[in-house]
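Commentary on secondary and tertiary structure
Chain by chain, the residues run as shown.
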Amino acid sequence: MKRTLFNAPRTFKGGIHPPDFKKFTEGNPIQMYMDPQEDLVFPMVQHIGAPCKPLVKKGDECLRGQIIGEAQGWVSSPIHSSVSGRVKDVKPMLHPNGSKVMSVIIENDHMYREVEGMHQSHDYHQMSKEEILSIIREAGVVGMGGAGFPAHVKLSPPADKKIDAIIVNGAECEPYLSSDFRLLIEEPTKVVEGLKIVLHMFPEAKGYIAIEDNKPTALAVMRNLTLEEPRIQVVALKTKYPQGGEKQLIDAVIGREVPSGGLPADVGCIVHNTDTVVAIYRALLEGRPLMRRVITIAGGAVAHSVTFKARIGTSIRELVEAAGGLVCPPSKIICGGPMMGTALFSLDVPVTKGTAGILVFDPAEDHITRESACIRCGKCVSACPIHLMPLMLNQFALDMDWSSFEKYHGMDCIECGSCAYICPAKRHLTQTFKAGKRMIQEQRRKAAAEKGGSHG
Ligand code: SF4
Ligand code: SF4
C-alpha cells in the first residue's frame with residue numbers, strides 16, 4: 001500500500017465535493033426524546049433479509065424489551081418493543097422505504113415496564129465468539145448506516161476468510177447528517193468499547209476508527225481515548241463523497257480493493273457504522289436490545305435542526321413537531337442523506353433501526369432541475385468512485401439493453417448519486433440505475449424460480 005504522506009488524510013479515487021451543510025447540525029448536542037406521545041409503529045422489515053413474523057396480536061399487553069417480531073432464519077434480526085403498552089393493531093403501515101409493510105402498532109402506557117433479565121452486563125473477555133454472537137443476534141443489532149445488514153451475519157464470515165481489519169465507519173459523508181459525529185464526541189467510550197468487543201472476537205485483527213477531516217473534534221476525542229490502545233488506530237479521511245461507502249472506506253483506510261460483486265470479508269475486512277458498535281456495546285455491557293437510535297432532523301422547512309435520541313417506532317411527524325414543526329410546506333422529504341436517501345411522501349412513518357436522518361427541504365433547497373441531453377463531458381466518469389461509465393450505463397438502461405448494462409458492471413453501482421450530482425445536464429442517472437438494477441434482479445429471480453420449477 002503506497003502512502004506518500006504518512007499523516008495526510010486518506011481517500012479513494014473519484015468522488016465529489018458537495019457542500020456538507022454540517023454547520024446546521026453538528027453543533028447541536030443530542031436531545032433525548034424518550035417519551036413519545038403518539039402510537040409507536042414497528043415495521044417487521046428493519047433489516048436486509050427475511051422479514052420478521054409478528055409475535056403479538058391486537059389487544060396483547062407488551063413490555064419494553066419484549067421481542068414482538070421474530071427473526072425468520074439466519075439472515076434476519078428480531079424486533080423489540082421500545083415501550084410498554086397495548087398492541088392496538090397488527091397491519092400493513094407506511095414504511096420509510098415508501099412501501100407498506102406489516103407492522104405492530106403499540107399504544108404507549110408511558111410506564112416503560114421492562115421484560116425480566118434486561119441490564120445484564122457480560123464480561124465479554126471471558127466469552128467465546130459464539131456466545132458474543134448469540135447476544136448480538138438476540139439483541140437485534142443490525143447495520144445502522146442505512147443498509148441494515150444483520151450484525152451477527154457480518155460478524156460470521158466464511159471460515160476461509162481471515163479477518164485482519166475491523167473498521168468503524170465514522171465518515172458520515174452525507175451532507176447535513178451529524179448523528180454519528182454527535183455519538184463520537186458524546187459517547188466516545190461506548191464506540192471504543194464496542195470496537196474492543198469486536199476485536200476480542202477477531203484476535204488477529206486491528207481496529208480502525210475512520211473519520212472525515214471535517215470533524216476535527218471527533219478525531220481529537222478518539223485519538224485521546226485510544227492512546228493506550230495498541231490495537232486501535234484513528235484514521236483521518238479526506239472530506240469527500242462517498243467516503244463512507246464501504247468499498248471506498250476500505251480502499252482509503254487499508255488500501256484494499258473489494259472485488260466486483262465481492263464483500264469486505266473477501267479482503268479480510270469487516271465494516272461497522274458508529275451507531276452499530278454502540279449498539280453492540282449496549283447489548284453486551286448494558287444488556288439492552290436495540291430499541292433506540294440517534295437521528296438528525298434538518299432542512300429549511302423545519303424550524304430547528306435537532307439531533308434526537310429517540311425510541312424506535314416513534315413517529316417522524318412527532319419528532320418534526322418536537323423540532324419546532326414545519327415553517328412552510330416541504331418541497332421534498334428525504335429519509336437519510338440527500339445523496340442516497342429515499343424520498344418520502346409523508347411524515348407519517350416511524351423511526352426504524354436504519355433511520356439516520358430526516359431532511360425536510362423548502363423549495364429553495366430543492367435542487368431538482370429539468371433534464372437535458374447528455375453533452376458527453378465525461379464528468380460523471382471522473383466522479384464515479386467505482387470507476388463505472390455512467391453515461392453509457394444510462395444509455396443502456398434507456399434502451400433497455402440489460403445485457404450491456406450488466407457487461408459494463410451496472411450491477412456494481414452503489415447508487416451513491418455522485419454522477420447525477422456532478423452532471424451539468426442534470427441527467428437522472430442514479431434513479432435510472434436503481435430502476436435498472438431492480439429490473440435485472442427481478443429477471444434473475446424469475447429465471448431462478450423457473451429453473452427451480454422445471455426441476456420440480
Ligand atoms: S456528466 Fe452528464 S452530460 Fe456529462 S457525460 Fe455524464 S451524463 Fe453526459
Ligand atoms: S451512482 Fe453508480 S454510477 Fe453513479 S457515481 Fe455512484 S456508483 Fe457510479
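Here the structure is a predicted model, which means the values were calculated and not measured.

Cut-off values and rules
- Residues numbered from 1 in each chain as written.
- Chains lettered and ligands numbered in written order.
- Predicted model: local features only at pLDDT ≥ 70, side-chain atom pairs only at ≥ 80, totals over all residues.
- Helix = DSSP H or I, 4+ residues; strand = E, 2+ residues; numbered from the N terminus.
- Rg over C-alpha atoms; globule rule 2.2 N^0.38 Å.
- Buried ≥ 20, exposed ≤ 12 C-beta atoms within 10 Å, placed from the backbone.
- Contact = placed C-beta atoms within 7 Å.
- Axes fitted to C-alpha atoms, helices over the stretch in contact; angles between N-to-C directions.
- Parallel < 35°, antiparallel > 145°, perpendicular 65-115°, else oblique.
- Nonpolar A, V, L, I, M, F, W, Y, C, P; charged D, E, K, R; others polar.
- Near = placed C-beta within 6 Å.
- Domains from an automatic or database assignment.
- Pairing = 2+ DSSP bridges.
- Core = buried A, V, L, I, M, F, W, Y, C linked by C-beta atoms within 7 Å.
- pLDDT = per-residue confidence, 0-100.
- Expected span 1.5 Å × (residues − 1).

1. Comments concerning the overall build of the protein
For the protein, the count of helices and strands is 13 helices and 17 strands. Here the C-alpha radius of gyration of the protein, 22 Å, is about what a compact globule of 456 residues would show, namely 23 Å. For the C-alpha atoms alone, the extent of the protein along its principal axes is close to 60 × 60 × 50 Å. Residues counted as buried form 50% of the 456 residues belonging to the protein. For the protein, the share of sequence-separated contacts (at least 6 apart) that also reach a separation of at least 24 residues comes to 72%.

2. Observations regarding the packing of helix 1 (residues 129-138) against helix 7 (residues 274-285)
Between helix 1 and helix 7, the least distance of the axes is 9 Å, while the angle of their chain directions is 110°. What the angle tells us is that helix 1 and helix 7 run roughly perpendicular. Across the interface between the two elements, Ile132, Ile135 and Ile136 from helix 1 touch Ile280, Ala283 and Leu284 from helix 7. Classifying every residue of the contact of helix 1 with helix 7 by side-chain character gives six nonpolar, no polar and no charged.

3. Things to note about the site of ligand 2
In the vicinity of ligand 2 there are 15 residues, among which Cys384, Cys413, Cys416, Ser418 and Cys419 approach most closely. When residues of the shell around ligand 2 are traced back to their parent elements, those giving at least two are helix 12 (418-422) and helix 13 (429-455). Looking at the shell around ligand 2, the element that brings in the most residues is helix 13, giving three residues. Looking at side-chain class alone, the shell around ligand 2 contains 11 nonpolar, three polar and one charged residues.

4. Structural notes on the domain arrangement of the protein
Domain parsing of the protein yields domain 1 (122-285) and domain 2 (379-455). Using C-alpha coordinates to define each centre, domain 1 is positioned 29 Å away from domain 2. Domain 1 puts seven residues into the contact, and the matching count from domain 2 is seven residues. The class makeup of the residues in the side of domain 1 that touches domain 2 is two nonpolar, four polar and one charged.

5. Looking at helix 3 (residues 179-186)
Most of helix 3 is tucked away, with six of its eight residues classed as buried. Three or more residues of helix 3 are buried, namely Ser179, Asp180, Phe181, Arg182, Leu183 and Leu184.

6. Brief notes about the sheet that holds strand 9 (residues 165-170)
Spatial strand order, 11-10-9-12: four strands in an open sheet with parallel pairing. Edge positions in the sheet fall to strand 11 (232-237) and strand 12 (269-273), since each of these pairs with one other strand and no more. Between one strand axis and the next, the sheet turns through 25° on average, direction left out of account. Packing against the sheet, helix 7 makes contact with strand 9 and strand 12, and its axis sits at approximately 90° to strand 12.

7. A closer look at the sheet that holds strand 1 (residues 31-33)
The strand order across the open sheet formed by six strands is 1-14-13-17-15-16, and the pairing between neighbours is mixed. The sheet is open, and its two edges are formed by strand 1 and strand 16 (342-344), each paired on a single side. Strand after strand, the sheet turns through a mean of 30° between neighbouring axes, direction not considered. Bridge count between strand 13 (residues 292-298) and strand 17 (residues 357-361): three bridges; the pairing is parallel.

8. Observations regarding the site of ligand 1
Around ligand 1, the surrounding shell holds 14 residues, and the nearest of these are Cys374, Cys377, Cys380, Cys423 and Ala425. Of all the secondary structure elements, the ones that give two or more residues to the shell around ligand 1 are helix 9 (379-383) and helix 10 (390-398). Of the residues belonging to the shell around ligand 1, the class tally is 10 nonpolar, one polar and three charged.

9. Digging into the nonpolar core
By size, the foremost hydrophobic cluster in this structure holds 111 residues, and its most contacted members are Ile167, Ile209, Ala210, Ile280 and Ile297. Broken down by element, this core gets its largest block of residues, seven residues, from helix 7. Looking at this core, you find at least three residues from each of domain 1 (122-285) and domain 2 (379-455). If we ignore the near neighbours within four places in the chain, the residues touching isoleucine 209 are Val168, Gly170, Val191, Leu195, Met222, Ile232, Val234 and Val235. One finds Phe42, Ile68, Ile79 and Val104 within the second-largest nonpolar core, a separate group that totals 14 residues.

10. Thoughts on the confidence of the model for the protein
Looking at the protein, the pLDDT average stands at 91 and 96% of residues meet or exceed 70. In this model residues 1-6 is a low-confidence stretch, pLDDT under 50, and it forms one contact with partners more than four residues away in sequence or in other chains.

11. Topic: the environment of aspartate 39
Tracing the sequence through the fold places aspartate 39 in the loop between strand 1 and strand 2 (40-43). Taking the C-alpha atoms as reference points, aspartate 39 and glycine 85, 46 residues apart in sequence, are found 9.6 Å from one another. Residues contacting aspartate 39, with those up to four places away along its chain left out, are Lys88, Ile105, Ile106 and Glu107.

12. With respect to the environment of aspartate 275
Here aspartate 275 shows up in helix 7. In the structure, aspartate 275 is positioned 85 residues away from lysine 190 in sequence and 9.5 Å away in space, judged by C-alpha atoms. Residues in contact with aspartate 275, not counting those within four places in the same chain, are Met144, Asp180, Leu183, Arg293 and Val294.

13. Digging into helix 7
Helix length check: helix 7, at 12 residues, gives a terminal C-alpha distance of 17 Å against a target of 16 Å (1.5 Å per residue), a fit within 8%. Taken across its 12 residues, helix 7 has 11 buried, putting it largely inside the fold. Here helix 7 has its buried residues at Thr274, Asp275, Thr276, Val277, Val278, Ala279, Ile280, Tyr281, Arg282, Ala283 and Leu284.

14. Quick word on the pairing of strand 15 (residues 332-335)
Taking every second residue as pointing to the same face, both faces of strand 15 are buried, with Lys332 and Ile334 on one and Ile333 and Cys335 on the other. Across four bridges, strand 15 lies against strand 17 in antiparallel orientation. When the bridges of strand 17 are listed, cysteine 335 appears paired with isoleucine 358. Bridge analysis of strand 15 against strand 16 gives three bridges, and the strand direction is antiparallel. In the sheet register, cysteine 335 faces strand 16, and the bridge partner there is threonine 342. Here strand 15 hands over to strand 16 after six residues, with glycine 336 in that stretch at a positive phi of 105°.

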